[in-house]
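# Close look at the chain arrangement
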Amino acid sequence: MEVPILKQGAVLIATFQAALSDADLNHLRMGLVQQVVKFRSRAVIVDVTAMDVMDSFASRTLREIAHMIRLRGAETVIVGIQPEVAFAMVQLGLTLEGVATALDLEEGLAYLTQKFKNTD
Amino acid sequence: MRAGEIRVAINSDQDIVTARQKGRALAIELGFSTGDATLVATAISELARNIVSYARKGQIALKTVHASNRQGISIVASDSGPGIRDIHQAMRDGFSTSGSLGLGLPGVRRLMDEFEIVSEPGGGTIVTVKKWKQ
């Protein structure tokens, strides 16, 4: 399953679907980093609103994506973690330490706008 | 195959997705809250991933269980892989032999109400977990 990646100015927006396999996540990790390079993006928003399960592999992949993108000098914001998914992650002992999160796409964009303003 | 039992063969990462979707569907069908259905689906995802990572193939069996006046879901993850040499160690947070996060089994135990593991080196692994409807 392909994850659609939208380009919105200097920001890339990747929207996760519910049924992503490990292979899809690996594919996305490479795809996102390549596009950040290609478009000289300053930030990536990963929208996980539709994800019904965030297990150890998915959260590790998200952390890796964020760290790789940071090495490129860009920001990553994870948006839309559902309350029940957040609950399950905490029970499982999963964290997204060092990765910015926001309520939804709108909040994620607002966070980045503020951040860019401060650094410009 | 016993009545009402759903079996999902686990051979690849795609089967992990299939197994957790079936588990969620069963939980919702039984009237579990979406929160508890998510816990069930997440536990299945971790158990199925253990099978793929350590044993390559195995099976997840899902069924409805009844006790005095409650209903629940039982999930049995079985494989005939290498087995676990030290179960106590495997049940400690942070332990992993496959370079993964090592949160699998203790995490699954926290997600579920009941947890049982039978394993011996060379003899495969069977993990049985249950979640009761609140």
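As a starting point, this report considers the structure included with it. Each chain carries its own residue numbering, running from 1 in the direction its sequence is written. For this description, chains carry letters from A and ligands carry numbers from 1, given in the order in which they are written. Two thresholds apply to this predicted model, a pLDDT of at least 70 for residue-level local features and 80 or more for giving and counting side-chain atom pairs, whereas whole-chain, interface and lining totals are computed over all residues.

### Some points on the overall build of chain B
Runs of H or I in DSSP of at least four residues are treated as helices and runs of E of at least two as strands, each being numbered from the N terminus. Secondary structure assignment for chain B yields four helices and five strands. Its helices and strands in sequence order give chain B the pattern β-α-α-β-β-α-α-β-β, from N to C terminus.

### Focus: the interface of chain B and chain A
At the interface, 24 residues of chain B touch 18 residues of chain A. Looking at the side of chain B that touches chain A, the elements with two or more residues in it are α1 (13–29), α2 (34–55) and α4 (104–111) of chain B. The element that contributes the greatest number of residues to the side of chain B that touches chain A is α2 of chain B, accounting for nine residues. When its residues are assigned to classes, the side of chain B that touches chain A shows seven nonpolar, 10 polar and seven charged. Working definition of a contact: two residues with C-beta atoms, positioned from the backbone, lying within 7 Å. Residues are sorted three ways: Asp, Glu, Lys and Arg are charged, Ala, Val, Leu, Ile, Met, Phe, Trp, Tyr, Cys and Pro are nonpolar, and all the rest, Gly among them, are polar.

### Topic: helix α1 (residues 22–39) of chain A
The α-helix winds at 3.6 residues per turn, so residues separated by three or four positions along the chain end up facing the same way. Residue and element names in this part refer to chain A. Helices are assigned an expected span. That span is 1.5 Å times one less than the residue count. An ideal rise of 1.5 Å per residue puts 26 Å on 18 residues; α1 measures up with 26 Å between its terminal C-alpha atoms. Contact partners of the buried residues in α1: β1 (5–8), β2 (11–15), β3 (43–47) and α2 (56–71). One or two residues past the end of α1 sits Arg40, with phi positive at roughly 50°.

### Considering the packing of α2 of chain B against α4 of chain B
All names here are of chain B. All axes are obtained by fitting lines to C-alpha atoms, using only the stretch in contact for helices, and the reported angles, taken between N-to-C directions, cover 0 to 180 degrees. Look at α2 against α4: their axes get within 9 Å of each other, and the N-to-C directions meet at 160°. With respect to α4, the element α2 is oriented roughly antiparallel. Of the two elements, α2 crosses α4, and the hand of that crossing is left-handed. Seen from α2, the contacting residues are Leu39, Thr42, Ala43, Glu46, Leu47 and Asn50; seen from α4, they are Gly104, Gly107, Val108 and Leu111. Within the contact of α2 with α4, the residues separate by chemical class into five nonpolar, four polar and one charged. The cut-offs work like this: below 35 degrees is roughly parallel, past 145 is roughly antiparallel, 65 to 115 is roughly perpendicular, and the gaps in between are oblique. Crossings are assigned a handedness: left-handed for a near helix turned anticlockwise from the far helix by less than a right angle, right-handed for a clockwise turn.

### Quick notes on the sheet that holds strand β5 (residues 125–132) of chain B
Residues and elements named next belong to chain B. DSSP calls a pair of strands paired once it identifies at least 2 bridges connecting them. On the basis of which strands lie adjacent, the open sheet formed by five strands has the order β1-β2-β3-β5-β4 and antiparallel pairing. Of all the strands in the sheet, just β1 (6–10) and β4 (114–119) have a single pairing partner and so form its edges. Each strand axis lies, on average, 15° off the axis of its neighbour in the sheet, ignoring direction. With eight bridges joining them, strand β3 (residues 70–79) and β5 adopt antiparallel strand pairing. By the bridge assignment, Asp79 is partnered in β5 with Thr125. Packing of α1 onto the sheet brings it into contact with β1, β2 (58–67) and β3, and relative to β1 it is tilted by some 165°. Contacts from α2 reach β1, β2, β3 and β5, with the element oriented near 10° to β3.

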